Amino acid sequence: MATVADLIVVSNRGPLSFQLGDEGRAQLAGSGGGLATTLQPLVAGRDATWIASSMSEADHLAASDGLMNVDGMTVVTVRLDADTYRMAYDVVSNATLWYCHHHLFDLPRRPRFDVHFVDAWDAYVSMNESFADEIARLASQGATVLVQDYHFALLGKLLEASRPDLRTVHFTHTPFGDPSALRVLPANCASELLEGMAGFGACGFHAPRWKAAFDACYHEDDLTALAGSGVAPYSFVAPLGPDPVALENEAAESTGIDPALERVVGERMLILRVDRIELSKNIIRGLFAFEELLDEKPEWRDRVVMVALAYPSRESLADYLAYRSEVEHTVERINDRFGTDSWTPIVFNVADDRSRSVAAYMEYDVLLVNPVRDGLNLVAKEGPFLNRNDGSLVLSREAGAFDELKSGAFGINPFDVTETAAALHGALGLDRDERAERARTLKKLVVARTASDWMEDQLRIAGSLER
Ligand code: ADP
Ligand code: G6P
């Protein structure tokens, strides 16, 4: 049994994720996104307790085999029954709140809030209650509790009631939905969500736009009507940055780009993209933009390869599987259309292998990051930091990181395929000096804000909360 902690970090995905391997044993799996990977070194060495979900059978097995230990912290996992967890994680967190905050709903068809959703919302409430109980059990008097992401919107109010002595900070790694997006949710869910968040001592975001959307929701009477006062909590902006030392270490350990991939690219220029297979990352419009580039600027044919390094995500959701197959078909179609015996225009490669991404960051000529909406996008910062080739960045104006990087990047509207194709053309055709100048600017902007700045901001704000 863990002892009481002065610092507690809470996230759904913990520092370690497992999958079932040979003979049904739990094996370490990939990290699944930026949050858990980035948090781990920040939490280590602070004598903190990290409370996370036990997300799968493999995680349950790993926990009972004592494999959830990470140096420099205590990891505690919360296990819900499988149906409750599936409804809270798949149905509410991923298929509803993620879509809401990223404005991904396909409104003529979905969402459909029916009786099953009522049960799913109850499961989400129950997940938040289980975590509140665990935090209340483990937190010392006046402890700091740093809660990550949309899986735990209700924890603020729950902890305010059970442990008013705690200094609670919530950080949202996604965008926050505009009032019109929250209005799509059942009225009670929207107001419970806002009321839940209002119970935190402070709520943080990666970009001013997401904070503004959050604050705006509290000014909409209909959204807060069921929730009581509608008073917004203290909110702040604190963008995450990469950890320069950790990244340099990863780069130093890199054995370089996969030789098979290197052979395909050869002397050609390299347009890289690196994403979870995730609807908000806008992979398909990125492929269309590359196709339009090859159509409209035929001089690039056979002179450039687009490498899309992707890793699987949320495969229990049908939408994500369908999206993956749409991406694969689009790649095939474009390759059939333009490819030759000696040139494959697009390499789409799926593997949960971060070192492969790090090697590619070092080599690209152009990095394409074109999400329809993204809380921050760490790839847009890690790439320019690690690139050794004066590569350029084509970046969506809808990524949180755009605010910080806009003076070095080619900004695009992610819905505008023609503008994206033109930006790719502009970036590929830069002369050597301008390329180097832009790459220098980007690096300077990236290192201006590190991962530990982000952590220190939260601890400082937590420390300043009156309790
Ligand atoms: P998100 O958190 O939405 O997935 P981000 O761009 O913010 O998007 O973070 C993604 C993180 O995953 C980055 O740190 C990126 O370098 C890392 N990453 C890249 N390739 C892989 C991979 N194959 N497996 C796991 N993580 C990867
Ligand atoms: C984003 C979210 C994180 C999440 C990650 C991976 O970065 O902000 O909270 O952990 O995606 O998603 P997953 O559902 O696999 O944990």
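Every value quoted in this text rests on a predicted model; they were computed, and no experiment measured them.

The parallel open sheet is built from 6 strands, whose spatial order is β12-β11-β10-β13-β14-β15. Taken across any chain shown, the strands that pair with only one partner, and hence form the sheet edges, are β12 (346-350) and β15 (410-412). With direction set aside, neighbouring strand axes in the sheet form an average angle of 20°. Two elements, strand β11 (residues 304-311) and β12, share 5 bridges in a ladder whose sense is parallel. The residue of β12 that forms the bridge with Ala308 is Phe348.

As assigned here, the protein comprises domain 1 (5-240 + 454-464) and domain 2 (244-448). Averaged C-alpha coordinates put domain 1 and domain 2 at centres separated by 29 Å. Contacts between the two partners involve 31 residues from domain 1, matched on the other side by 25 residues from domain 2. The largest share of the area that domain 1 buries against domain 2 comes from Trp98, Tyr99 and Arg209, three residues that together contribute 23% of it. The tally of links between domain 1 and domain 2 comes to 2 salt bridges. Across the pair Asp319 and Arg110 runs a salt bridge whose closest N-O atoms are separated by 3.3 Å. At the boundary of domain 1 with domain 2, the tally comes to 13 residue pairs in polar contact (both at pLDDT 80 or more). Looking at the side of domain 1 that touches domain 2, the elements with two or more residues in it are α1 (34-43), α3 (82-102) and α8 (208-217). Of the residues contributing to the side of domain 1 that touches domain 2, the split by class is 13 nonpolar, 14 polar and 4 charged.

Bringing the packing of helix α15 (residues 379-386) against helix α18 (residues 432-447) into the picture now. Running from N to C, α15 and α18 point in directions that differ by 120°, and their axes come no closer than 9 Å. Taken together, the axis directions place α15 and α18 in an arrangement best described as oblique. Classified by chirality, the crossing of α18 by α15 is left-handed. Contact residues: α15 offers Lys381, Pro384 and Phe385, while α18 offers Leu442, Lys443, Val446 and Val447. Counted by class, the contact of α15 with α18 contains 5 nonpolar, no polar and 2 charged residues.

Looking now at the packing of aromatic side chains. Tallied over the entire structure, the rule returns 13 aromatic pairs. Judged by centre distance (6.1 Å) and plane angle (40°), the rings of Tyr99 and Phe105 are tilted. Judged by relative accessible area, Phe105 falls into the buried class, the value being 16%. Seen in terms of ring centroids, Phe205 and Phe214 are 4.9 Å apart; in terms of plane orientation they differ by 45°. Their pairing is tilted. By relative accessible area, Phe205 is classed as buried at 0%.

Right, let's get into the environment of Glu134. Mapping Glu134 onto the fold places it in helix α4 (residues 115-138). In the structure, Glu134 is positioned 57 residues away from Thr77 in sequence and 9.4 Å away in space, judged by C-alpha atoms. For Glu134, the residues in contact, after removing those within four places along its chain, are Ile51, Val76 and Val78.

Running from N to C, α4 and helix α7 (residues 187-198) point in directions that differ by 15°, and their axes come no closer than 12 Å. By the angle class used here, α4 and α7 are roughly parallel. Classified by chirality, the crossing of α7 by α4 is left-handed. Across from Phe117, Trp121 and Val125 in α4, the residues of α7 making contact are Asn188, Cys189 and Glu192. Taken together, the residues of the contact of α4 with α7 break down into 4 nonpolar, 1 polar and 1 charged.

What follows concerns the nonpolar core. Membership of the largest hydrophobic core comes to 164 residues, with the highest contact counts inside it found for Ile135, Leu155 and Phe176. In terms of residues, this core owes the most to one element, α4, which gives 11 residues. Both domains that furnish three or more residues to this core are identified here as domain 1 (5-240 + 454-464) and domain 2 (244-448). Setting aside its immediate chain neighbours within four residues, Leu155 contacts Val10, Asn128, Phe131, Ala132, Ile135, Val147 and Phe200.

This part takes up helix α5 (residues 155-162). By the burial criterion, the buried members of α5 are Leu155, Gly156 and Leu159. Buried residues of α5, seen end-on, are gathered within an arc of 100° and therefore sit on one face of the element. In this structure, the buried side of α5 is in contact with β1 (5-10), α4, β6 (139-148), β7 (167-172) and α7.

All right, on to the site of ligand 1 then. For ligand 1, the set of nearby residues contains 16 residues, the closest of which are Arg276, Tyr311, Ser357, Tyr361 and Glu382. Interatomic distance of 2.5 Å between a side-chain N/O atom of Ser357 and a nitrogen atom of ligand 1. Glu382 places a polar side-chain atom, nitrogen or oxygen, 2.4 Å from an oxygen atom of ligand 1. Notes on ligand 1: free accessible area 570 Å², of which the protein chains cover 93%. At the level of elements, β10 (269-276), α14 (354-363) and α15 are the ones that each hand at least two residues to the shell around ligand 1.

We now examine the side chain of His101. In this fold, His101 is placed in helix α3. Contacts of His101, omitting those with residues within four sequence positions, involve Tyr150, Thr174, Pro175, Phe176, Gly177, Leu182 and Arg373.

Moving on to the state of the cysteines. Working definition: the covalent bond between the sulfur atoms of two cysteines is a disulfide. Enumeration according to the criterion identifies 0 disulfides in this entry. Considering cysteine sulfurs only, Cys100 is the nearest to Cys189, which forms no disulfide, with 10 Å between them. By relative accessible area, Cys189 is classed as buried at 2%. With no disulfide of its own, Cys217 lies 8.0 Å from the sulfur of Cys100, the closest cysteine sulfur.

Criteria and thresholds
- All residue numbers here refer to positions counted from 1 along the written sequence of the relevant chain.
- Chains and ligands are labelled by the order in which they are written, letters from A for the one and numbers from 1 for the other.
- Given that the model is predicted, a residue must reach a pLDDT of at least 70 before its local features are reported, and side-chain atom pairs must reach 80 or more before they are shown or counted; all residues, however, enter totals for whole chains, interfaces and linings.
- Working from all heavy atoms in the structure, the side-chain values ignore hydrogens and water.
- Strands qualify as paired when DSSP identifies two bridges or more between them.
- In this description a helix means any DSSP run of H or I spanning at least four residues, a strand means any run of E spanning at least two, and both kinds are numbered starting from the N terminus.
- Angles here are taken between N-to-C directions and fall from 0 to 180 degrees, while the axes themselves are lines fitted to C-alpha atoms, restricted in helices to the stretch in contact.
- Domain extents, as shown, originate in an automatic or database domain assignment.
- Contacts are residue-level and defined by heavy atoms, with any inter-residue pair within 4.5 Å sufficient.
- Note on definitions: buried area is the accessible-area loss of two parts on being combined, 1.4 Å probe, summed for both.
- Think of a salt bridge as a Lys or Arg side-chain nitrogen and an Asp or Glu carboxyl oxygen that are within 4 Å of each other.
- Identification of polar contacts relies on pairs of N or O atoms within 3.5 Å, with a donor-acceptor requirement for protein atoms, meaning one able to donate a hydrogen and the other able to accept it, and with residues adjacent in sequence counted only if both atoms are side-chain atoms.
- Ten residue types, Ala, Val, Leu, Ile, Met, Phe, Trp, Tyr, Cys and Pro, are classed as nonpolar, four, Asp, Glu, Lys and Arg, as charged, and the remainder, Gly among them, as polar.
- Roughly parallel means an angle under 35 degrees; roughly antiparallel, over 145; roughly perpendicular, 65 to 115; everything else is oblique.
- Take the far helix as your reference; a near helix turned counterclockwise from it by less than a right angle gives a left-handed crossing, and one turned clockwise gives a right-handed crossing.
- A pair of Phe, Tyr and Trp rings is counted when the ring centres sit within 6.5 Å of each other, with Trp represented by its six-membered ring. The angle between the planes then sorts it: under 30 degrees is stacked, over 60 is edge-to-face, the rest tilted.
- A 1.4 Å probe rolled over the protein chains alone gives each residue an accessible area, and that area as a share of the maximum for its type sets the label: buried under 20%, exposed over 50%, partly exposed in between.
- Throughout this description, the term nonpolar core refers to a set of buried Ala, Val, Leu, Ile, Met, Phe, Trp, Tyr and Cys residues connected via side-chain atoms within 4.5 Å.
- Here, the arc refers to the directions that run from the helix axis to the C-beta atoms.
- By convention in these notes, a residue is near a molecule or strand provided one of its non-hydrogen atoms lies within 4 Å of it.
- Surface accessibility in these figures is a Shrake-Rupley result with a 1.4 Å probe; residues are shielded only by whichever protein chains are displayed.
- Criterion for a disulfide: a pair of cysteine sulfur atoms at a distance within 2.5 Å.

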